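So the chains spell out like this:
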There are 2 protein chains.
Amino acid sequence: MTSATPARRKGRQLPTAEELRAWREYIETAEALRSRLTSRLQVESSLSPGDYSVLLALSEAPERQLRSSALAAHIGWERSRLSHHLGRMERRGLIRRQECATERGGAEVLLTPAGAEAFRRSTVPHLRAIRELFVDALTPDQLRAAGEIAAALRAHLDTRHAGQAPPDVP
Amino acid sequence: MTSATPARRKGRQLPTAEELRAWREYIETAEALRSRLTSRLQVESSLSPGDYSVLLALSEAPERQLRSSALAAHIGWERSRLSHHLGRMERRGLIRRQECATERGGAEVLLTPAGAEAFRRSTVPHLRAIRELFVDALTPDQLRAAGEIAAALRAHLDTRHAGQAPPDVP
DNA sequence: GCCTCTGGATTGACATGTCAACCAGGAGGG
DNA sequence: CCCTCCTGGTTGACATGTCAATCCAGAGGC
């Protein structure tokens, strides 16, 4: 936390040029990686990263089906985003939605055979792309450091700046 | 190095679970950062990161104006993306487009007073957000490592997998 | 002159994301 | 019973991105 920081960043408010450069490298590189992976995934299996996340979660689910809310929680998406995306995937025949008989109100999302097959075909190309684009570019030390840095950033995000709205509402 | 895993990195094709975890941390964290920064920028100055990039480039240009293609090259965007974005920004009065008198065919993009003012107001909040969300989360060592890692990834992207289409057409 | 080629920029169709509004079915509380 | 409030989910409007097609104005070739 801030208490343990040396005198260095005392009254300073804005990042230095060095810090800004690191920020830009980080964010632009992530962007470039995402875009490259997306296009590879697209040509190799006609799936987007979003499709892949959804299909992965469903594939791992007990009966290849999940409640919409459980799916959203699993992959960390907002509800409306998932709803829109499921609509598009349903149009393409990758998943199906049906009223959940066992429970009130909830919709079950289930994998169609076509969806399962598309996922199966995309897995190896997807993993290979990750290795080629990311893993192969880094030394083992760098790879470990990358994970630690990302974890630190995530933890910082989750604590201090957690939802713009302080959660201490009674 | 993790001495647990033997040195058989040669014939392996797919990432290990460890490597995959690092990848996911990296890419999801970058995504979360981008989204958080976007919403802060939005509430504090009604600008998107895209708006900011365009306004920054124009602000630094000689006469606060640039050819469309020069602008695209400067911020690394595709032409059609820039064209769409300029259309939206023009509707909001942030920039203006005019036929370039000095040259054929080219359109000049120029900053309006409203655009310059919006950019001026957004600068400090933007930089402050970067410090709070990124710089403050990392130790100086981590910050440096993050820059190096991103640079390595970028270099790897630019070399081996350069454009899906080898550019060596005579 | 006419045809094609090329470079700069725009356009349209569509995928993806976010935000706010809405809807439907219970649960409480009066 | 009626009203209100939650929860889970959908919808519409709109911003953002990508791809392919198009337009337009020279430059060359004939």
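Predicted, not measured: the structure shown is a model, and the values here were computed from it.

Q: Could you give me a rundown of the pairing of strand S3 (residues 107–111) of chain A, with the residues and numbers involved?
A: Residues and elements named next belong to chain A. Bridge analysis of strand S1 (residues 65–67) against S3 gives 3 bridges, and the strand direction is antiparallel. Pairing of Gln65 across the sheet is with Leu110, part of S3. Bridge analysis of strand S2 (residues 95–99) against S3 gives 5 bridges, and the strand direction is antiparallel. Paired with Glu99 across the bridge in S3 is Ala107.

Q: Kindly report on the sheet that holds strand S2 (residues 95–99) of chain B, identifying the contributing residues and their values.
A: Residues and elements named next belong to chain B. Pairing is antiparallel in the open sheet, where 3 strands are placed in the order S1-S3-S2. Pairing within the sheet leaves two strands with one partner each, and these edge strands are strand S1 (65–67) and S2. With direction set aside, neighbouring strand axes in the sheet form an average angle of 25 degrees. Sheet strands in contact with helix H2 (residues 49–60) are S1, S2 and strand S3 (107–111), and its direction is about 95 degrees off that of S3. Where helix H3 (residues 68–75) meets the sheet, it contacts S1 and S3, and its direction lies at approximately 95 degrees from that of S1.

Q: Can you lay out unusual backbone geometry for me, pointing to particular residues and giving the numbers?
A: Residues and elements named next belong to chain A. Its identity as a non-glycine residue notwithstanding, Ser46 has a phi of 55 degrees, on the positive side. Within the secondary structure layout, Ser46 lies in the loop between helix H1 (17–45) and helix H2 (49–60). Residue Ser46 is classed as partly exposed on the basis of its C-beta count, with 13 C-beta atoms lying within 10 Å.

Q: Explain the environment of A:Leu110 to me, using residue names and the numbers behind them.
A: All names here are of chain A. With respect to the helices and strands, the residue Leu110 is situated in strand S3. Leu110 sits in the partly exposed class, given 15 other C-beta atoms within 10 Å. Once you skip the residues sitting within four places of it in the chain, Leu110 turns out to touch Arg64, Gln65, Ile95 and Arg96.

Q: Let's hear about the protein's contact with DNA strand C: which residues, and what values?
A: Around DNA strand C, the structure places 26 residues, and the nearest of them are A:Ser48, A:Ser80, B:Ser69, B:Ser80 and B:Gly106. For the surface near DNA strand C, the elements supplying multiple residues, two or more each, are H2 and helix H4 (79–91) of chain A together with helix H1 (17–45), H3 and helix H4 (79–91) of chain B. Residue classes in the surface near DNA strand C are distributed as 2 nonpolar, 16 polar and 8 charged.

Q: Talk me through the protein's contact with DNA strand D; I want residue IDs and the actual numbers.
A: Around DNA strand D lies a shell of 25 residues, among which A:Ser69, A:Ser80, A:Gly106, B:Ser48 and B:Ser80 are the nearest. For the surface near DNA strand D, the secondary structure elements donating two or more residues are H1, helix H3 (68–75) and H4 of chain A together with H2 and H4 of chain B. Partitioned by chemical class, the residues of the surface near DNA strand D number 1 nonpolar, 16 polar and 8 charged.

Q: An account of the packing of H2(A) against H3(A) is requested, with residue identities and associated values reported.
A: Residue and element names in this part refer to chain A. It is at 10 Å that the axes of H2 and H3 come closest, and there the two elements cross at 115 degrees. The handedness of the crossing between H2 and H3 comes out as right-handed. Side by side, H2 and H3 meet where Ser53, Val54 and Ala57 of the first sit next to Leu71, His74 and Ile75 of the second. Taken together, the residues that form the contact of H2 with H3 break down as 4 nonpolar, 2 polar and no charged.

Q: How would you sum up the relation of the copies chain B and chain A? Please name residues and give values.
A: With an RMSD of 0.1 Å, chain B superimposes on chain A once it is rotated by 180 degrees and translated 0.0 Å along the axis. What the rotation and shift describe, once combined, is the action of a two-fold rotation axis. When C-alpha distances to the rotation axis are compared across chain B, the minimum falls at B:Ala30, with a value of 3.2 Å. Same-surface contact between copies: 93% of interface residues of chain B are shared with the interface of chain A.

Rules used in this analysis
- Residues numbered from 1 in each chain as written.
- Chains lettered and ligands numbered in written order.
- Predicted model: local features only at pLDDT ≥ 70, side-chain atom pairs only at ≥ 80, totals over all residues.
- Pairing = 2+ DSSP bridges.
- Helix = DSSP H or I, 4+ residues; strand = E, 2+ residues; numbered from the N terminus.
- Axes fitted to C-alpha atoms, helices over the stretch in contact; angles between N-to-C directions.
- Contact = placed C-beta atoms within 7 Å.
- Buried ≥ 20, exposed ≤ 12 C-beta atoms within 10 Å, placed from the backbone.
- Near = placed C-beta within 6 Å.
- Nonpolar A, V, L, I, M, F, W, Y, C, P; charged D, E, K, R; others polar.
- Left-handed = near helix turned anticlockwise from the far one by under 90°.
- Least-squares fit on C-alpha atoms with pLDDT ≥ 70 in both.

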